[in-house]
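These are the residues of each chain, in order.
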Amino acid sequence: MCGRFAITLPPDAMAQLFAAVPSNNLPPVPNYNVCPTTQVHVVLGAAEAERRLVSMRWGFLPKWYKSPTDGPLLINARAETLAEKPAFRAACRERRCLIPVSGFYEWTKDDEGARWPWYIHGAETLALAGVWQEWGPEGERQATCAVVTTGANDTISKVHHRMPVVIDEGDWGLWLGEEGHGAATLMKAAEEDLLSFHQVDRAVNSNRASGAQLIDPIDG
């Protein structure tokens, strides 16, 4: 799964990286503790003009929810059931997106049940596969999104049995629907050498924690 992440790339650099036009209401960066239900950066495909870099609520809201708390908090969408699950079925076909992150957190438990966080990252900004949907009454609509996850590769399985789907730069257009069909083939675990991880301070267990020190490695 993916329940918390960090983003440090400035919006102008993010827009340049994805060749996207940035909106005016993007979330502030850097943010070393991006939590569910907050606004996150999302790249949308160029259906007719240019890609867009926009802000969305992290927590997908199906159309039948009467309020944001009307059902489970859908921050992740399983790749294995994405095309069949009613909440995500249409978005899987029509509303795929990329969610830029610098890295993400997962947790392990020790023998006493204490949760220990790990920071998982690549050498550069990662583009996580996502799906999105607008929700709410006319005039109050908001865009919402979820991260697509799959079974972990051998490297990440040392920390967690699932991981976000990471889209390679050469496949961004395919995932965003700019290059025809075949996006389903991208929903797989990352190559073993793409990501590395290290243990970080338990301060990040709090959703109120902030600061660059959250991703600093500590001795295990």
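Refer to the preceding data block for the structure.
A few points on the structure. Everything numeric here is computed off the predicted structure, so don't read it as measured data. (Residues numbered from 1 in each chain as written. Predicted model: local features only at pLDDT ≥ 70, side-chain atom pairs only at ≥ 80, totals over all residues. Heavy atoms only, no water.)

## A word on the overall build of the protein
Worth spelling out the cut-off: Per the convention used, a helix needs a DSSP run of H or I reaching at least four residues, while a strand needs a run of E reaching at least two, with both numbered from the N terminus. Each radius of gyration reported is based on C-alpha atoms, and the globular scaling rule is 2.2 Å times the count of residues to the power 0.38. Working rule for contacts: check all heavy atoms of both residues, and any pair within 4.5 Å makes them a contact. Accessible areas in this description were obtained via Shrake-Rupley with a 1.4 Å probe; residue shielding takes into account the shown protein chains only. Here Asp and Glu are counted as negative and Lys and Arg as positive; His is not counted, and neither are the chain ends. For the purpose of locating charges, the reference atoms are NZ of Lys, CZ of Arg, CG of Asp and CD of Glu.
The secondary structure content of the protein amounts to 3 helices and 11 strands. Its helices and strands in sequence order give the protein the pattern β-α-β-β-β-β-β-α-β-β-β-β-α-β, from N to C terminus. Compactness check: the protein gives a C-alpha radius of gyration of 17 Å against a globular reference of 17 Å for 220 residues, within 12% of the reference. Seen along its three principal axes, the alpha-carbon backbone of the protein occupies a region of about 50 × 40 × 35 Å. Considering only contacts within the protein whose residues lie at least 6 apart along the sequence, 66% involve residues at least 24 apart. Of the roughly 10900 Å² of accessible surface on the protein, 50% is carried by carbon and sulfur atoms. Each charge class in the protein was averaged separately, 20 positive and 27 negative side chains, and the resulting centres sit 9 Å apart.

## Section: the pairing of strand β9 (residues 142-151)
For clarity, the threshold we go by: Buried means the residue's accessible area, taken with a 1.4 Å probe over protein chains only, is under 20% of the maximum for its type, while exposed means over 50%, and partly exposed covers the values in between. Pairing between strands requires that DSSP locate at least two bridges from one strand to the other.
Counting buried positions over the 10 residues of β9 gives 7, a clear majority of the element. Taken together, the 2 bridges between strand β5 (residues 51-58) and β9 define a ladder with parallel strand orientation. Each residue of the ladder has a partner; that of R57, found in β9, is T144. Pairing of strand β6 (residues 76-78) with β9 involves 3 bridges; the strand directions are parallel.

## Some words on the environment of F60
Following the sequence through the fold, F60 ends up in the loop between β5 and β6. Between the C-alpha atom of F60 and that of T144, which follows or precedes it by 84 residues, the distance is 4.8 Å. The contacts of F60, once residues within four sequence positions are left out, are L74, A87, F88, A91, V131, W132, Q133, T144, C145 and A146.

## Details of the layout of surface pockets
To locate leftover empty space, one rolls a probe as large as a water molecule over the atoms. Applied cut-off: Here a cavity denotes a set of grid points, spaced 1 Å apart and computed over the protein atoms alone, in which a 1.4 Å probe fits but from which it cannot get out, and a pocket denotes an open set meeting protein on both sides within 12 Å along at least five of seven lines; residues with an atom within 4 Å of a point are reported as lining. Grid points are joined across faces, edges and corners, and a volume is the space filled by probe spheres set on the points. We call Asp, Glu, Lys and Arg charged. Ala, Val, Leu, Ile, Met, Phe, Trp, Tyr, Cys and Pro are nonpolar, and the rest, Gly among them, are polar.
By volume, the largest pocket is sized at about 260 Å³. A volume near 210 Å³ is recorded for the second largest pocket. Across the lining of the second largest pocket, the residue classes break down as 8 nonpolar, 3 polar and 2 charged.

## Remarks on the pattern of salt bridges
The condition is simple: We count a salt bridge whenever a side-chain nitrogen from Lys or Arg sits within 4 Å of a carboxyl oxygen from Asp or Glu.
Within the structure shown, the criterion is met by 5 salt bridges. Here E178 makes a salt bridge to R51, at a shortest N to O gap of 2.9 Å. Taken as a pair, E178 in the loop between α3 (172-175) and β11 (196-199) and R51 in strand β5 lie far apart in primary sequence, 127 residues in all. By relative accessible area, R51 is classed as buried at 15%.

## Let's talk about a negative patch on the surface
Test applied: What makes a patch is a set of residues exposed beyond 30% relative accessible area and free of salt bridges, joined within 9 Å when like-charged and within 5 Å when nonpolar (Val, Leu, Ile, Met, Phe, Trp, Tyr).
Where like charges cluster on the molecular surface, the negative patch consists of D154, D168, E191, E192 and D193. Inspection of the secondary structure puts D168 in the loop between β10 (162-164) and α3.

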